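# Descriptive analysis of the structure
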Amino acid sequence: MSQLHQRVTALLSEAGYRSDEPLAVGLQRRGVPPFSLAQGLTATTLVYAASLSKQMTAACAALLTQQGALDVDSPLSYWLPQLPAWAGTITLRHLIHHTAGLPADHKIDAIIAGDPDRTSSGVIQALTRFPALDHPPGAAHVYSNAGYVCLAAAVERAADLPLPEVARRHLFVPLAMPDTRYWAGPDPAPPGAAPLVRPHPAPLSLGDGGVWTTLNDLLCWGQALNADELGISALLQTPGHLDDGTPLDYAWGIGVRSHGGYRVYRHGGGWTGLRALHAWVPELDLTMAVIAINDHTERRIPVINGLLDKVTS
């Protein structure tokens with residue numbers, strides 16, 4: 001057993017994972033074959049990515065911005081005119097950095113509670129029922145799934161294509177991520193995917209979630225961002241700010257952190273019975289990820305932090 005295998009096995013045990021719990025952990029540096037440790041899953045098992053999808057939605061927006069097809073400082077009302085008048089005070093940039101002041105996700109979920117699939121159209125329709133925002137746009141950073149559903153809708157209108165096709169053409173095919181796709185149903189999961197815990201199928205909304213992927217493809221994605229293969233890494237990794245200039249530690253669908261003196265970009269994903277965490281370190285040309293199903297805890301965090309300790313020490 002390699003030293004790395006031993007270390008990852010120890011990290012999983014220290015975090016409280018049993019050997020019979022389905023999960024996959026991997027990391028990769030450029031020029032070195034990827035390392036993975038999987039139990040109950042494989043590095044090619046198709047799994048729900050949950051909020052890891054946000055960075056891919058943001059990447060589609062960044063590419064369209066670079067092409068001049070999307071202005072992130074344009075008002076949301078231009079792209080979603082069916083929303084109330086408050087949409088005229090929100091820009092797409094507010095959505096990207098979670099500063100739009102949209103109604104809290106739990107309020108939206110209460111309206112669409114009868115829709116077990118939680119579709120994009122259901123989320124947007126629920127937003128039309130709110131006469132006011134929770135707070136003024138640009139005044140606070142409040143994580144919003146609904147904001148990324150709206151951003152995805154703007155991407156679709158700017159590209160004149162469904163989001164799954166935008167991402168397939170501009171992200172997944174060019175980066176050789178053959179198993180990754182946005183999934184909007186009607187079935188709860190793509191064929192061959194690892195099922196989630198019943199009775200909680202993955203939601204079918206796109207933008208905030210919607211991506212199904214594999215450990216191998218996630219490592220490929222991180223390495224592509226490290227190498228700037230799409231030409232948008234600098235933009236994606238630029239932290240946002242409030243309207244008064246207060247800096248944020250959140251970029252384009254990506255959290256911005258530091259570890260061991262290195263800049264680390266990371267984001268988690270969670271749904272009932274699913275926990276994922278993805279991180280990459282451009283200075284070390286390194287990416288890593290952990291995916292666990294039938295998991296309702298935050299044990300993924302010490303696993304990733306332990307890996308970062310090892311590689312940054």
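Data block above holds the structure.
First things first, this report covers the structure right here in the doc. (Residues numbered from 1 in each chain as written. Predicted model: local features only at pLDDT ≥ 70, side-chain atom pairs only at ≥ 80, totals over all residues. Heavy atoms only, no water.)

## Section: the overall build of the protein
This is how the line gets drawn: A helix here means a DSSP run of H or I that spans at least four residues, while a strand means a run of E at least two residues long, and both kinds are numbered starting from the N terminus. A radius of gyration in this sense is built from C-alpha atoms; the matching globule rule multiplies 2.2 Å by the number of residues raised to 0.38. A 1.4 Å probe rolled over the protein chains alone gives each residue an accessible area, and that area as a share of the maximum for its type sets the label: buried under 20%, exposed over 50%, partly exposed in between. What makes two residues a contact is simply this: any of their non-hydrogen atoms within 4.5 Å. The sign given to each residue is positive for Lys and Arg and negative for Asp and Glu; His and the chain ends receive no count. The atoms used to mark charge sites are NZ of Lys, CZ of Arg, CG of Asp and CD of Glu.
Counting its regular elements, the protein contains 11 helices and 9 strands. Here the protein has a C-alpha radius of gyration of 19 Å; the compact-globule value for 313 residues is 20 Å, and the two agree. With respect to the three principal axes, the spread of C-alpha positions in the protein is 60 × 40 × 35 Å. When the 313 residues of the protein are sorted by exposure, 55% land in the buried category. Contacts in the protein between residues far apart in sequence, at least 24 positions, make up 66% of those at least 6 positions apart. Taken as two groups, the 21 positive and 27 negative side-chain charges of the protein have centres that lie 4 Å from each other.

## Some details on the sheet that holds strand β1 (residues 23-29)
So the rule is basically this: At least two DSSP bridges between two strands are required for those strands to pair. Comment: axis = line fitted to C-alpha atoms, over the contacting stretch for helices; angle = value between 0 and 180 degrees taken between N-to-C directions.
Sheet architecture is open: 6 strands sit in the order β2-β1-β9-β8-β7-β6, paired in antiparallel fashion. Every interior strand has two partners, whereas the edge strands, β2 (35-39) and β6 (255-259), have only one. Sheet twist, expressed as the mean angle between neighbouring strand axes with direction ignored, is 15 degrees. In this sheet, β2 lies alongside β1 in antiparallel orientation, the contact comprising 5 bridges. Bridge pairing links Ala-24 to Ala-38 in β2. The sheet contacts of helix α1 (residues 3-15) involve β1 and β2, and relative to β2 the element is tilted by about 45 degrees.

## Regarding helix α8 (residues 163-172)
Quick note on the threshold: For this quantity, the arc is that covered by the directions from the helix axis to the C-beta atoms.
Residues of α8 that are buried include every one of Leu-163, Val-166, Ala-167, Leu-171 and Phe-172, and no others. Buried residues of α8, seen end-on, are gathered within an arc of 145 degrees and therefore sit on one face of the element.

## Description of the sheet that holds strand β5 (residues 211-213)
If you trace the 3 strands from one edge of the open sheet to the other, you get β3-β5-β4, paired in antiparallel fashion. The two strands at the open ends of the sheet, each matched to only one other strand, are β3 (47-48) and β4 (181-182). Bridge count for β3 against β5 is 2 bridges, and the pairing is antiparallel. Looking at β5, one finds that Tyr-48 is bridged to Trp-212.

## Topic: the state of the cysteines
Cut-off, in case you're wondering: Whenever a pair of cysteine sulfur atoms sits within 2.5 Å, that pair is classed as a disulfide.
Taken as a whole, this structure holds 0 disulfides when the rule is applied. Cys-220 forms no disulfide, and the closest cysteine sulfur to it belongs to Cys-60, at a distance of 15 Å.

## Thoughts on unusual backbone geometry
Note: most residues except glycine have negative phi, and most peptide bonds are trans. Residues Gly-185 and Pro-186 are joined by a peptide bond in cis, for which omega reads 10 degrees. Locating Pro-186 in the fold gives a position in the loop between β4 and β5. Residues other than glycine seldom take positive phi values, yet Ala-176 does so here, at roughly 55 degrees. Examined against the element boundaries, Ala-176 turns out to sit in the loop between α8 and β4. For Ala-176, a relative accessible area of 54% puts it in the exposed group. One non-glycine residue, Asn-294, lies in the positive phi region at around 60 degrees.

## Some remarks on α1
The line we're drawing: By definition here, a helix of n residues has an expected span of 1.5 Å times n minus one.
Helix length check: α1 (13 residues) gives 18 Å between terminal C-alpha atoms against 18 Å at 1.5 Å per residue, within 8%. Those residues of α1 not exposed but buried are Val-8, Leu-11, Leu-12 and Ala-15. Down the axis of α1, the smallest arc covering the buried residues is 95 degrees, so these residues share one side. The exposed residues of α1 that point more than 90 degrees off its buried face are Gln-3, Ser-13 and Glu-14. In this structure, the buried residues of α1 make contact with β1, β2 and α11 (300-312). Once α1 ends, the next one or two residues include Gly-16, with phi positive near 100 degrees.

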